[in-house]
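A closer look at the structure
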Amino acid sequence: MVDLTVPAARAQRDTLVTRTDVLDKVKVLSLLPDGIHATVEQVATFFEVPAKTISSLVNYNRDEISSDGYRVVRGEELRLNFNPSSLGLDPRTPSLALFNRRVMLRIAMLLRDSEIARRVRTYLLDVEAGVRELDDDEIVFRALKIQSRKIERLTVEVAELEPRAAFADLILDASGDYCVADAAKVLCRAGMKTGEKRLFDELERRGWIFRGRSDGKWRVKQPAIEAGYMSELPQSHKHPKTGARVTDVPQPRVNPKGIQRILDDFRAESQLALDLVP
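Quick look at the structure, then. Per chain, the residues get numbers from 1 upward, laid out in the order the sequence is written. Given that the model is predicted, a residue must reach a pLDDT of at least 70 before its local features are reported, and side-chain atom pairs must reach 80 or more before they are shown or counted; all residues, however, enter totals for whole chains, interfaces and linings. Where side-chain values are given, they derive from all heavy atoms of the structure, hydrogens and water being excluded.

**Observations concerning the nonpolar core**
- Of all hydrophobic cores here, the largest spans 34 residues; its most connected members are F47, I54, F99 and I107.
- Every helix listed is a DSSP run of H or I at least four residues long, and every strand listed is a run of E at least two residues long, numbered separately from the N terminus. Of all the secondary structure elements, the ones that give two or more residues to this core are α2 (21–26), α3 (40–47), α4 (51–60), α7 (101–110) and α8 (115–132).
- Here the element with the most residues in this core is α7; it accounts for seven residues.
- Only heavy atoms matter for contacts: two residues are in contact if any of them lie within 4.5 Å across the pair. In this structure, F47 is in contact with I54, M104, I107, A108, L111, S114, I116 and A117, ignoring residues within four places of it in sequence. Put simply, a nonpolar core is a bunch of buried Ala, Val, Leu, Ile, Met, Phe, Trp, Tyr and Cys residues held in one set by side-chain atoms that sit within 4.5 Å of each other. Exposed residues in this analysis have more than 50% of their type's maximum accessible area, buried residues have under 20%, and partly exposed residues fall in between, with area computed by a 1.4 Å probe over protein chains only.

**A word on the pattern of salt bridges**
- For this document, the term salt bridge refers to a Lys or Arg side-chain nitrogen within 4 Å of an Asp or Glu carboxyl oxygen. All told, the structure shown has 21 salt bridges when counted by the stated rule.
- The residue R112 makes a salt bridge to D3 at a minimum N-O spacing of 3.9 Å. Here the residue R112 occupies a position in the loop between α7 and α8, and D3 occupies one in the segment before α1 (10–16), the gap between them amounting to 109 residues.
- Between R10 and D14 there is a salt bridge, with the nearest N and O atoms lying 3.1 Å from each other. Here R10 and its partner D14 are both found in helix α1, four residues apart, which amounts to about one turn of the helix.
- Judged by its relative accessible area of 32%, R10 falls in the partly exposed class.
- Residue D14 is classed as partly exposed on the basis of its relative accessible area of 35%.
- Overlapping salt bridges bring together R10, R13, D14, E64, D68, R102 and R106 as one network.

Below, the structure written as structure tokens:
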């Protein structure tokens, strides 16, 4: 059997790295809330090895692994898009390494001291051997059939998204901002299934809002305001006894730019999911 872990097998690894479906056939894979990336700890858990083993392998094979989409996020991108606190990490974490499925499959083909990685390699080679047993005509027929199904799915997807995208563009051209409940309705009309509670959770995941420790009410983080994604609406009420005006916690508001950012990310993830369908 071919040894995929050796440097000379790079070309074969490049050929097999698109078969990311094999990962799920071997073991359940945990990902970040975006459904696309995993942390080094999640990758280490999947392969049942220490995190430092994964880090060492990445450093030794960085050129090869980076070609599959491995990257490290820092600064504002880290705070706004991944929110270290929600991942159980120190809020002061300066950077976060992100592994997509292609990177994880590449690691499986390079990692020697892991039974899970060995099973992934065995499955890959078995699948490849099965494909090679087909004659040329059968291979071409299957490839055309797969491509035809993919085109049909993309056509349906585009047909569904076009009117929704037009509606979203119309809304986002308007000035002003939206309460979270209304922003959720805009996103739903644009094709993203969400609701007020789910959108609050999404805004927290992105690091745009947080709950106050004393009252548990939502507040907008300053970086989200500075980025133009969100704003706050001052609120107050009249004291029932004294009649004095009492200042309340400002209401979180989602700006058109924030809605557009969420929609852009949603469409990019949807397109990626379609592209990954064989």
